[in-house]
Amino acid sequence: MKPSRPSLLLILLLAATPAAASPAEAGRIEKGYQLSLEKWALEVRIANTPEARTEAFQKRPDPAVAAREMWKAISLSLREDWTIEPAAWFLATTAGITTPTPDGGTTPTFASETEMILEAIAAHHLGSPKLAPLCMALVASGDPRSLALLEKIENGHPDTKIQGVAALGVAMILKTLGDDPEIMRKRLTLLRKAIIESADTETDGVSVAKLAEDELYVIRFLTKGRVAPDLSGADSGGRQLTLSAHEGNVIILLFWNSGMEETDRVIEITSGLEDKFRGRPVTVIGVNNDSTENLRFLQADGTVNWINFSDPHNRLAAEYRVGRWPLVYVLDHKRRIHYAGPPGAFVELTAEALIEDIAKQDGK
């Protein structure tokens, strides 16, 4: 008797399903990308001339390439529980990656893939015990749909520890919506829940209690209208710097490093601000957590044209509870906070408005 042929449908299904779709393959991709970043960082550190350093910087591993490889490994298996953790990695890795649009703006490069992940979580994994890292990845993604999904997890997950992690995530996203008293009250309630329910739960090696305490510190000391904490340190040449020495000027304070996403774009934007505001009552000052030698190279070859604290051990970044780079604060002439967020047009607009306010006060 002749063996029966496999059906056409079965053949198509087998052809459409990547043989590599497995937890092991997803782990290989994640580990491979991490190793490539570590190798790149080493090459940058040992580059001993401006030319070699420029060449090394240009070889930074492209997260979009690793993300596309990961998407191939998980995209047809999003209903399966094992894809939750690599999906969290995908969301965190692709955060901030954009594609230029014809009108001169940008759009998230992986918007459709992110939407598919969020839909799969909502449809198949809302009760999964693996959601803790995904909650923080949803915060990192910056996708506006993340808030609603986190609220579902916070309100309905069967494990109160996961509810607490989601509550922390909701509180962190609400921070981006402003300092309205009602939002502040909601954030405080959510942070209390996070500490009560999930204090010892860790994400990326950091406890929920520590993350929540940092958010409470931000509410108390780093929200709009507060006087920003002073910073005291040294530049890449060992010269002493303080933030308070620049009071009287508008201060654009940038926390950054050469390993963050879109480093070239951030450097271009910040150099442009330094050029634009030169001769006006504005100080552009960075806090950089590269090695002091790396920062010195960047300034020596003219790549970086603004003054910087050298903060290789994150002492100063910790004072501002910086969890993700880049981060910009715009302070008025009395060091009061008027903006906190990513680099971009709002930084320049806020600085211009504050300069006008200084001029009006001087004219009285």
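Look above for the structure.
Residues numbered from 1 in each chain as written. Predicted model: local features only at pLDDT ≥ 70, side-chain atom pairs only at ≥ 80, totals over all residues. Heavy atoms only, no water.

K.L.:
Help me out: how do you make sense of unusual backbone geometry in this one?
P.N.:
A negative phi angle characterises most non-glycine residues, just as the trans form characterises most peptide bonds. For the bond running from W325 to P326, omega is -5 degrees, close enough to zero to count as cis. Tracing the backbone shows P326 in the loop between α14 (315-319) and β10 (327-331). Backbone geometry places D204, a non-glycine residue, at a positive phi of 55 degrees. Considering the arrangement of structural elements, one finds D204 in the loop between β3 (202-203) and β4 (206-207). Here D204 falls in the exposed class, since its relative accessible area comes to 83%. Phi at R335 is positive, roughly 70 degrees, even though this residue is not glycine. Along the chain, R335 falls in the loop between β10 and β11 (337-341). (Helix = DSSP H or I, 4+ residues; strand = E, 2+ residues; numbered from the N terminus. Buried < 20%, exposed > 50% of the residue type's maximum accessible area, 1.4 Å probe, protein only.)

K.L.:
Whenever I open this one, the packing of aromatic side chains confuses me. Can you help?
P.N.:
Each pair of aromatic rings is reported with the distance of its centres and the angle of its planes. Tallying each qualifying case throughout the model produces eight aromatic pairs. Measuring from ring centre to ring centre gives 6.0 Å for Y33 and W89, while their planes differ by 85 degrees; the resulting arrangement is edge-to-face. Taken together, the residues span a long stretch of sequence, with Y33 in helix α2 (residues 23-46) and W89 in helix α5 (residues 84-94) at a distance of 56 residues. Each member of the pair, Y33 as well as W89, is classed as buried. Through pairs of rings, three or more aromatic residues link up here, namely W71, F90 and F110. The lysine or arginine in question, R60, covers the ring of W40, its NZ or CZ lying 5.3 Å from the ring centre. (Phe/Tyr/Trp six-rings, centres within 6.5 Å; stacked < 30°, edge-to-face > 60°. Lys NZ or Arg CZ within 6 Å of the ring centre and 35° of its normal.)

K.L.:
How do you make sense of the layout of surface pockets when you look at a structure like this?
P.N.:
Empty pockets left among the atoms are what a rolling probe the size of a water molecule brings to light. Computed from the structure, the second largest pocket encloses a volume of approximately 540 Å³. Lining the second largest pocket we find 23 residues, and of these F57, R60, E262, T263 and D264 sit closest to its centre. A class-by-class count of the residues in the lining of the second largest pocket yields nine nonpolar, six polar and eight charged. (1 Å grid on protein atoms, 1.4 Å probe; cavity = no way out; pocket = protein on both sides within 12 Å on 5 of 7 lines; lining within 4 Å. Points joined across faces, edges and corners; volume = space filled by probe spheres on them. Nonpolar A, V, L, I, M, F, W, Y, C, P; charged D, E, K, R; others polar.)

K.L.:
Explain the sheet that holds β11 here, please?
P.N.:
Backbone-to-backbone hydrogen bonds pair the strands of a sheet. The strands run either parallel or antiparallel. Pairing is mixed across the open sheet formed by five strands, whose spatial order is β9-β8-β7-β10-β11. Edge positions in the sheet fall to β9 (307-310) and β11, since each has one partner strand and no second. Direction aside, neighbouring strands of the sheet carry axes that sit 20 degrees apart on average. Examined bridge by bridge, strand β7 (residues 250-256) and strand β8 (residues 282-288) share seven bridges and lie parallel to one another. Residue pairing in the sheet places W256 in a bridge with N288 of β8. Strands β7, β8 and β9 of the sheet are contacted by helix α13 (residues 292-300), whose axis makes an angle of about 170 degrees with β9. (Pairing = 2+ DSSP bridges. Axes fitted to C-alpha atoms, helices over the stretch in contact; angles between N-to-C directions. Contact = heavy atoms within 4.5 Å.)

K.L.:
Got a minute to help me understand the pairing of β9 in this structure?
P.N.:
On a regular strand, each side chain points to the face opposite its neighbour's, so the side chains alternate between the two faces of the sheet. When β8 meets β9, the two strands line up parallel, connected through four bridges. Of the residues in β9, the one forming a bridge with G286 is N308.

K.L.:
Honestly, empty space enclosed by the protein in this entry has me stumped. Any pointers?
P.N.:
Inspection of every chain in the model, using the stated rule, returns one cavity of 30 Å³ or more. Of the voids in this model, the largest cavity is the one considered here, and its volume is about 40 Å³. Along its surface, the largest cavity is lined by I252, L254, I269, T270, L273, V284, V328, P343 and V347. Looking at the lining of the largest cavity, the elements with two or more residues in it are β7 and α12 (263-277). Ranked by the residues each element gives to the lining of the largest cavity, the list is headed by α12, at three residues. Its residues assigned to classes, the lining of the largest cavity comprises eight nonpolar, one polar and no charged.

Note that all results are geometric; they support no functional claim without further evidence.
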